[in-house]
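Coordinates in review
Each chain is listed here by its residues.
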Amino acid sequence: MRPVGRFFQVTEVNNYDKYLLDIDKVMHFPVTFVIKTRSSREQILNELKNYIDERANGMRVIEDRYKAAIEEIITINELRQWVYDLEEQDIDEIIRDIDIYYKLEMNMDVASDEDA
């Protein structure tokens, strides 16, 4: 079974062993890495794929499984552009969603707040 939603892993670590460990933890389901770096997403993705090639020692199955598990790379560059493109209504909706998910996570009554 594939999980509903997406797995996000936020990191500022340049140690790609940690990335592979994160992929292993979610049993090779796709992971979106949000990385605190100003390097381009293409550079990070190339470095990560090269690292996978080195670690796999020519075992194609391992290379393919790890590479397929990288859903997306997001860096500071993409986040800045995304925030820049937001409009006031978008920000309000994001804050509302964060509030709802927080209350669900904390097992708080969401419905009573929406009625008020």
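This text follows the structure it describes.
So, here's what we can say about the structure. What you see as residue numbers is a count from 1 along each chain, following the sequence as written. Side-chain atom pairs in this predicted model are given and counted only at pLDDT of 80 or more, local residue features only at pLDDT of at least 70, and totals for whole chains, interfaces and linings cover all residues. Remark: hydrogens and water are excluded; side-chain values derive from all non-hydrogen atoms of the structure.

1. A few points about a negative patch on the surface
In this analysis, a patch consists of residues with relative accessible area above 30% that form no salt bridge, clustered at 9 Å for like charges and at 5 Å for the nonpolar side chains Val, Leu, Ile, Met, Phe, Trp and Tyr. In these tables, accessible area is a Shrake-Rupley quantity obtained with a 1.4 Å probe, and a residue counts as shielded only by the protein chains included in the view. Within this document, salt bridges are pairs made up of a side-chain nitrogen of Lys or Arg and a carboxyl oxygen of Asp or Glu, the two lying within 4 Å of each other. Charge assignment in this entry is limited to Lys and Arg as positive and Asp and Glu as negative, and neither His nor the chain termini are counted. Charged groups are reduced to one reference atom each: NZ for lysine, CZ for arginine, CG for aspartic acid, CD for glutamic acid. A grouping of Glu87, Glu88, Asp90, Asp92 and Glu93 is seen on the molecular surface, where their side chains present a negatively charged patch. A run of H or I in DSSP counts as a helix once it spans at least four residues, and a run of E counts as a strand once it spans at least two, with each numbered from the N terminus. Relative to the helices and strands, Glu93 is located in helix 5 (residues 88-105). Accessibility here uses a 1.4 Å probe with only protein chains present; expressed as a share of the type maximum, an area under 20% marks a residue as buried, one over 50% as exposed, and anything in between as partly exposed. With relative accessibility at 32%, the residue Glu93 sits in the partly exposed group.

2. A few points about helix 1 (residues 16-25)
Working note: α-helix, 3.6 residues per turn, so residues spaced by three or four point in the same direction. Among the residues of helix 1, Tyr16, Tyr19, Leu20, Asp22 and Ile23 are the ones counted as buried. Mapping the buried residues of helix 1 onto a view down its axis gives an arc of 155 degrees, with all of them on the same face. The contact rule is simple, with two residues in contact once any of their heavy atoms fall within 4.5 Å. Those residues of helix 1 hidden inside the fold are in contact with strand 1 (7-11), strand 2 (31-35), helix 2 (41-56), helix 3 (60-68) and strand 3 (70-75). Its side-chain oxygen placed 2.9 Å from the backbone nitrogen of Asp17, Asn15 serves as the N-cap of helix 1. Met27 occupies a position one or two residues after helix 1 and carries a positive phi of about 55 degrees. The arc in question is formed by the directions pointing from the helix axis toward the C-beta atoms. We call two N or O atoms a polar contact when they sit within 3.5 Å, provided that within protein one can donate a hydrogen and the other can accept it, with sequence-adjacent residues counted only if both atoms are side-chain atoms.

3. What to know about the packing of helix 1 against helix 2
The N-to-C vectors of helix 1 and helix 2 enclose an angle of 80 degrees; their axes lie 10 Å apart at closest approach. Between helix 1 and helix 2, the crossing angle belongs to the class labelled roughly perpendicular. Residues Tyr16, Asp17, Tyr19 and Leu20 of helix 1 lie in contact with helix 2, whose contacting residues are Ile44, Glu47, Leu48, Tyr51, Ile52 and Arg55. Residue polarity is assigned by list, with Asp, Glu, Lys and Arg as charged and Ala, Val, Leu, Ile, Met, Phe, Trp, Tyr, Cys and Pro as nonpolar; anything else, Gly included, falls into the polar class. Partitioning the contact of helix 1 with helix 2 into residue classes produces seven nonpolar, no polar and three charged. Axis geometry follows a simple rule: fit a line to the C-alpha atoms, using only the stretch in contact for helices, then measure angles between N-to-C directions, giving values from 0 to 180 degrees. An angle below 35 degrees is treated as roughly parallel, one above 145 as roughly antiparallel, one from 65 to 115 as roughly perpendicular, and anything else as oblique.

4. Concerning the environment of Ile35
By the element assignment, Ile35 lies in strand 2. Accessibility expressed as a relative area gives 3% for Ile35, which makes it buried. Sequence-wise, Ile35 and Asp24 are 11 residues apart; in three dimensions their C-alpha atoms are separated by 18 Å. Filtering out sequence-adjacent residues up to four positions away, Ile35 remains in contact with Thr11, Tyr19, Ile44, Ile73, Ile74, Thr75 and Ile76.

5. A word on the pairing of strand 1
Sheet topology places strand 1 next to strand 2; five bridges connect them, and they run parallel. When the bridges of strand 2 are listed, Gln9 appears paired with Phe33. As for the winding sense of the linkage, the β-α-β connection from strand 1 through helix 1 to strand 2 is right-handed. Here, a strand pair is defined by DSSP locating no fewer than two bridges between the strands. A crossover counts as right-handed when, viewed with the strands pointing away from the observer, the path leading from the first strand over the helix to the second turns clockwise.

6. Some thoughts on helix 5
For a helix, the expected span equals 1.5 Å multiplied by the residue count minus one. In this model, helix 5 (18 residues) spans 26 Å end to end at C-alpha, consistent with the 26 Å of a helix rising 1.5 Å per residue. Two residues or fewer past helix 5, Asn107 is found with a positive phi of approximately 60 degrees.

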